[in-house]
Amino acid sequence: MNKIKCECGHINPEGTVLCEACGKPVEGNQHIDGNDDKKLLNMRYDGSARRSQTYQKSIVDKIWSFFSSVKVGVWLIVLALIASIFGTIFPQEQFIPQDAVSRDPAIFYEDRYGILGLMYYQLGFHHMYSSFWFITLLALIGISLVICSLDRFVPLYRALRNQRAKKHKKFLSRQRLYSESTNIHDNDIDKLVASLKNSRYKITEENGYILAEKGRFSRWGPYVNHIGLIIILLAGILRTTPIMFSEEYMWVREGEQRVIPGTNNQYYIENQEFILETHDQEDERFQGGSLEEEIATNFQTDVIIYEAENPDVVGAEPELEPILEYSIQMNNPAKFDKYTLYQQGYQLNEFKNMSFYIHDADDEAGESLGTFTIDLTNPESVYETDSGFRVELTNYYPDYVMTEEGTPVSETDFPRNPAFVVTVYPPDSDEGEVSFLGIGMNIDATGENQYKVAIDDVEFRDVSGITVSSDRTLPFFFVGAMIFMIGVIQGMYWQHRRVWINKQKDNSLLVAAHTNKNWHGIKRDIEKAVEGTNVTMVKDQQELDE
Amino acid sequence: MGLYSTSSSALLIAFILYLVATFFFGGAIRQDKKERHQKTKAGTIGLVITIIGFISQIVYFITRWIYTGHAPVSNLFEFTTFLGMSMILAFIIIYSYYKTAFLGVFALPLATIIIAYASMFSTDAAPLVASLQSYWLPIHVSTVALGQGILFISFVAGLMYLIRQIDQTKLTLRNTMLELVIYGIFLFIGFIAVTTIFNAVSYQATFEVERNGQQIMAEYHLPPIAEPQDSTLLSENVMTPWFAAPDWMHGDEAGRKLNTVIWSFFAGTIIYGITMLISRKRIGKRLQPLLQGVKPDMLDEIMYRSVAIGFPVFTLGGLIFAAIWAQIAWGRFWGWDPKEVWALITWFFYAAFLHLRLSRGWHGEKSGWLAVVGFAIIMFNLIVVNLVLASLHSYA
Ligand code: HEM
């Protein structure tokens, strides 16, 4: 490497723009930071030598320069921004409304949004945020973050560590805030320094040359926040692995006890009760005209969680030990082991069981000749009444509908609209009579049945939809987010301010100052410091053109 | 007086005080032309009045909280009012540091427009739906609003910078764009004006609409220019609609919303036109001389500073607190819901703003445009995403 020795004696790495020690512009390198024909020096990285600006020959150099360029970084951010916008034009796949003609994206988008919808679907915008190229974009931002941070952090750190209080005149006079004063008494300088000290500047003095500096740590803010972002992106990658993240959805009926999916049969849940509360319509506070509907104020499932003692013994009935009794509500999930249970959905008044009685078809009064009860989630194939009737459950449609062709089918497996085909065998008879039963219907297939089956009673229960999630990446996201916040606050709420006070051999006093942001603040500090002294207030050499 | 009416009066008082304070700040820039960045008496009075107004708005906030039993940030009226309040707070903070009365002349009326805009939505108290019942609601919402309030100051400073700096001697693309931004503000005023007028006369037109075989009612409070699709007008003696909302607009409310937008354009354009007639110049050109006394450097710095301060606050409230709450409520800290995505877009945008400023030297005018666009994104998220794009967070 071709080190550069400055006239002050300091040895700088190749590519240095301003000497790390005295700040003297290094001849031949001024184009790097665009200082050539500018009055003021570019102070972004204190003129330190950055790899990306110095070596641009090999392919590695080129890739390095590419990713460390903020211009490229901004482009990547803008592309991600634009892609995000496109993703919100129409709903994403997972938000296709329940009442849509079809929840199949191939049909939905064209049906609802016409040709534009079709294009949206064909371009894959309906799953924008999980698309390959969106994720690639985020990955590129990640790479860019790592490289640009390394490219700048190390040289900036060097430059700030090696800086001296004595600066070259060319450096001072080309700072944005600068003044020259003559005939300054040492008392005035002391006053100036004391006042800066008062404003919590750290003073370094070397042979009468003075540097007052504060808030240097804020320079590391961007690097800290970029580390936070990198951790977040890494956590996002981790989350795609099943060990770190899993999620299941289950329906649990009131009174039901079942294994919790995704827990390797280790845990069981019992739904004791599902509660849906709506607001009190009589409440005087909420009598404004616009409130017509009921507002659901609480969704709650009271559950007991059990741990199985011997989950691995195949075939054995597990011994269940209750470990947690909890009321899961929205905004109040249940937690145990590494699992969290969220209240997610519900289904009110699902049929639990139906009881029937048999009577003589000709008997107007319908006197019961025998009763039986069908458990709708666990129907049996044959029921026998005390009076000796045998009822065969020939067909069961939990969620009955009639198709256009006239055949009965079940839309779902949930008993929402149960219907049955039963065959009734009177006592001591092998001749069965077929009936078709459902809510509000009782069809005699042949029209010659001697016995009729009628609904006696129906019991309902609610079903609760619960998400079971196990997410071990949360701490990573949290730590990443905290580091990001610390970094931005560090970089934004503090500023790195430096004031150089250099008395020259000819007894003139040069004062120059630089801050990375908030020039108003540093000007106020200096204004306060020069008050009551003969030192000339620094002049802002770069006011925006009037 | 009941809590509810105390609360409403307190808000009204705050509203009036902000307008009064604007005049004092206006007086401050006339008062002495040389020392414009120093404290002036009128400026101090303006600040005091603003602070009293702010306190009155806090009274509104607290009394409404006690009355409804939950933090009043749960519907469009409450949230937007709160946003207006944080804009005022942000103004008070930035003003105490920079002491430019000019800022008050622009920031206060704009924040007041936001508060007036909020009051156009239903102000009725309503119970809190289950998904919002969490102490994260006030934490998340107040931080987001504060962040947006601070970013609002950057918009104000940016707008002032553009008005001051853009050449107005002849019509150019730049001053036309600027005029469009100003016209956009007039659309808000138009919306507020028509809504207030027709509310005052209790205007109502009812439609019966057929949706999926069901009959539902659609209530209009503005004369129907656009009627809902497949509807019959039930009310008598109201305006006959000119046309029906096109069928690619979905939702039961599409017709009414479209109608409101048409009216806002209509009224906003008329008010803008009248203002033009009176001033006999582009509004930007008319305002330009007013700003001669402020240094562009100062505006540039305020604009940048408020992004620097607002960006972390917005990130904390709009992304981090939002994610924590979503995790607790739904078991997923991020779901790509449109509202979330637009918060992310806002965040990306301001991140780009900061990087451009750092390395490409996008100061002054370019920064000014970015500040304006950034705030437009925030308003888009407040208005279009809430009212048009279906979202979990939809208020309406
Ligand atoms: C969404 C992603 C990003 C966010 C939120 C972000 C955030 C920030 C913030 C807040 C700052 C401090 C700005 C200031 O002090 O005014 C900063 C500085 C910086 N960022 Fe990023 N950044 C992101 C991506 C990137 C990328 C992809 C690059 C790659 C080129 C990059 C390069 C830089 C550089 C070079 C600095 C200046 C460092 C310094 O002042 O020494 N950033 N970033």
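Keep in mind it's a predicted model, so treat the numbers as computed, not measured.

Definitions and cut-offs
- Residues numbered from 1 in each chain as written.
- Chains lettered and ligands numbered in written order.
- Predicted model: local features only at pLDDT ≥ 70, side-chain atom pairs only at ≥ 80, totals over all residues.
- Heavy atoms only, no water.
- Near = heavy atom within 4 Å.
- Polar contact = N/O pair within 3.5 Å; in protein donor to acceptor, adjacent residues only side chain to side chain.
- Helix = DSSP H or I, 4+ residues; strand = E, 2+ residues; numbered from the N terminus.
- Contact = heavy atoms within 4.5 Å.
- Pairing = 2+ DSSP bridges.
- Axes fitted to C-alpha atoms, helices over the stretch in contact; angles between N-to-C directions.
- Buried < 20%, exposed > 50% of the residue type's maximum accessible area, 1.4 Å probe, protein only.
- Phe/Tyr/Trp six-rings, centres within 6.5 Å; stacked < 30°, edge-to-face > 60°.
- Lys NZ or Arg CZ within 6 Å of the ring centre and 35° of its normal.
- Patch = residues over 30% accessible without salt bridge, like charges linked within 9 Å, V, L, I, M, F, W, Y side chains within 5 Å.
- Areas by Shrake-Rupley, 256 points an atom, 1.4 Å probe, with all protein chains shown as cover.
- Salt bridge = Lys/Arg side-chain N within 4 Å of Asp/Glu carboxyl O.
- Core = buried A, V, L, I, M, F, W, Y, C linked by side-chain atoms within 4.5 Å.
- Domains from an automatic or database assignment.
- Buried area = accessible area lost by both parts, 1.4 Å probe.

Caption draft 1: Summary view of the site of the ligand. Taken together, 29 residues lie near the ligand, and A:Arg44, A:Tyr223, A:His226, A:Lys517 and B:His355 sit nearest. With respect to the ligand, the chains having nearby residues are chains A and B. Within the side chain of A:Arg44, a nitrogen or oxygen atom sits 2.5 Å from an oxygen atom of the ligand. At the level of secondary structure, the elements contributing two or more residues to the shell around the ligand comprise α3 (70-87), α5 (132-162), α8 (221-238) and α9 (474-493) of chain A together with α9 (296-330) and α10 (338-359) of chain B. In terms of residue count, α10(B) provides more of the shell around the ligand than any other element does, six residues in total.

Caption draft 2: Here's a closer look at the environment of B:Phe25. Inspection of the secondary structure puts B:Phe25 in helix α1 (residues 3-31). Excluding anything up to four places from it in sequence, B:Phe25 contacts B:Gly43, B:Gly46, B:Leu47, B:Thr50, B:Phe91, B:Tyr95, B:Ala101, B:Gly104, B:Val105 and B:Leu108.

Caption draft 3: Quick peek at the sheet that holds strand β8 (residues 267-278) of chain A. Residues and elements named next belong to chain A. Pairing within the open sheet is antiparallel, and its four strands lie in the order β7-β8-β9-β10. Here the strands that pair on one side only, and so sit at the sheet edges, are β7 (257-259) and β10 (320-329). Ignoring strand direction, the axes of neighbouring strands in this sheet form an average angle of 25 degrees. Across nine bridges, the pairing between strand β9 (residues 296-308) and β10 is antiparallel.

Caption draft 4: Local environment of the pairing of strand β3 (residues 177-181) of chain A. Residues and elements named next belong to chain A. β3 sits mainly inside the fold: four of its five residues count as buried. As paired elements, β3 and strand β23 (residues 509-515) share five bridges and run antiparallel to each other. Residue pairing across strands places Glu-180 opposite Leu-510, the latter belonging to β23. Both β3 and strand β24 (residues 539-540) contribute to a ladder of two bridges, which runs antiparallel. Bridge pairing in β24 places Tyr-178 opposite Lys-539.

Caption draft 5: Structural context of the packing of aromatic side chains. All told, the structure shown has 66 aromatic pairs over all chains when counted by the stated rule. For the pair A:Phe134 and B:Trp336, a centre-to-centre distance of 5.7 Å together with 85 degrees between the ring planes defines the contact as edge-to-face. Of this pair, A:Phe134 sits in helix α5 while B:Trp336 sits in the loop between α9 and α10, which puts the two residues in different chains. Under the relative-accessibility criterion, A:Phe134 is labelled buried at 1%. Consider the rings of A:Tyr249 and A:Trp251, whose centres lie 5.6 Å apart with planes at 85 degrees: the pair is edge-to-face. Cluster of aromatic residues (ring-pair linked, three or more members): A:Phe86, A:Phe90, A:Phe108, A:Tyr109, A:Tyr113, A:Tyr120, A:Tyr121 and A:Phe125. Directly above the ring of A:Trp64 sits A:Arg51, whose terminal nitrogen or CZ lies 5.3 Å from the centroid. Looking at A:Lys167, its charged tip hangs above the ring of A:Phe171, at a distance of 4.7 Å from the centre.

Caption draft 6: Structural context of a nonpolar patch on the surface. Residue and element names in this part refer to chain B. A surface patch of nonpolar side chains, amounting to about 390 Å² of accessible area, comprises Leu-12, Ile-16, Val-20, Phe-24 and Ile-45. For the nonpolar patch, the element with the highest residue contribution is α1, accounting for four residues. When you line up the elements, Ile-45 lands in helix α2 (residues 41-68).

Caption draft 7: Representation of the pattern of salt bridges in the model. Residues and elements named next belong to chain A. On inspection of all chains with the given rule, the structure shows 20 salt bridges over all chains. Close ionic contact of Glu-20 with Arg-158 constitutes a salt bridge, the shortest N to O distance being 2.9 Å. Here Arg-158 lies in helix α5 and Glu-20 lies in the loop between β2 (11-12) and α1 (51-54), a separation of 138 residues in the sequence. Residue Glu-20 is classed as buried on the basis of its relative accessible area, which comes to 4%.

Caption draft 8: Molecular detail of unusual backbone geometry. The phi angle at A:Asn207 is positive, at roughly 50 degrees, despite the residue not being glycine. With relative accessibility at 75%, the residue A:Asn207 sits in the exposed group.

Caption draft 9: Quick look at the sheet that holds strand β2 (residues 214-220) of chain B. All names here are of chain B. As summarised here, the arrangement of the three strands in space is β2-β1-β4, forming an open sheet in which the pairing is antiparallel. Both edges of this open sheet fall to β2 and β4 (231-233), since each of them pairs with a single strand only. Within the sheet, the average angular offset between the axes of one strand and its neighbour, ignoring direction, is 25 degrees. Across seven bridges, the pairing between strand β1 (residues 205-211) and β2 is antiparallel. For Thr-206, the partnering residue across the bridge sits in β2 and is Glu-219.

Caption draft 10: Structural view of the nonpolar core. Core analysis: the biggest nonpolar cluster contains 146 residues, and B:Phe25, B:Phe91, B:Phe152, B:Ile153, B:Val156 and B:Trp347 have the highest contact counts within it. When residues of this core are assigned to their parent elements, the largest contribution, 17 residues, is made by helix α5 (residues 136-165) of chain B. Taken together, domain 1 (2-168 + 282-387) and domain 2 (169-281) of chain B each give at least three residues to this core, which thus spans both. Excluding residues within four positions of it along the chain, B:Phe152 makes contact with B:Met87, B:Ala107, B:Leu110, B:Ala111 and B:Phe375. With 21 residues, the next largest nonpolar core counts A:Leu196, A:Ile501, A:Ala513 and A:Val535 among its residues.

Caption draft 11: Focus on the interface of chain B and chain A. Taken together, the contact pairs 65 residues of chain B with 67 residues of chain A. By the criterion of area lost to chain A, the three top residues of chain B are B:Pro127, B:Trp336 and B:Phe348, representing 11% of everything that side buries. One can count one salt bridge joining chain B with chain A. Between B:Asp297 and A:Arg176 there is a salt bridge whose closest N-O contact spans 4.0 Å.

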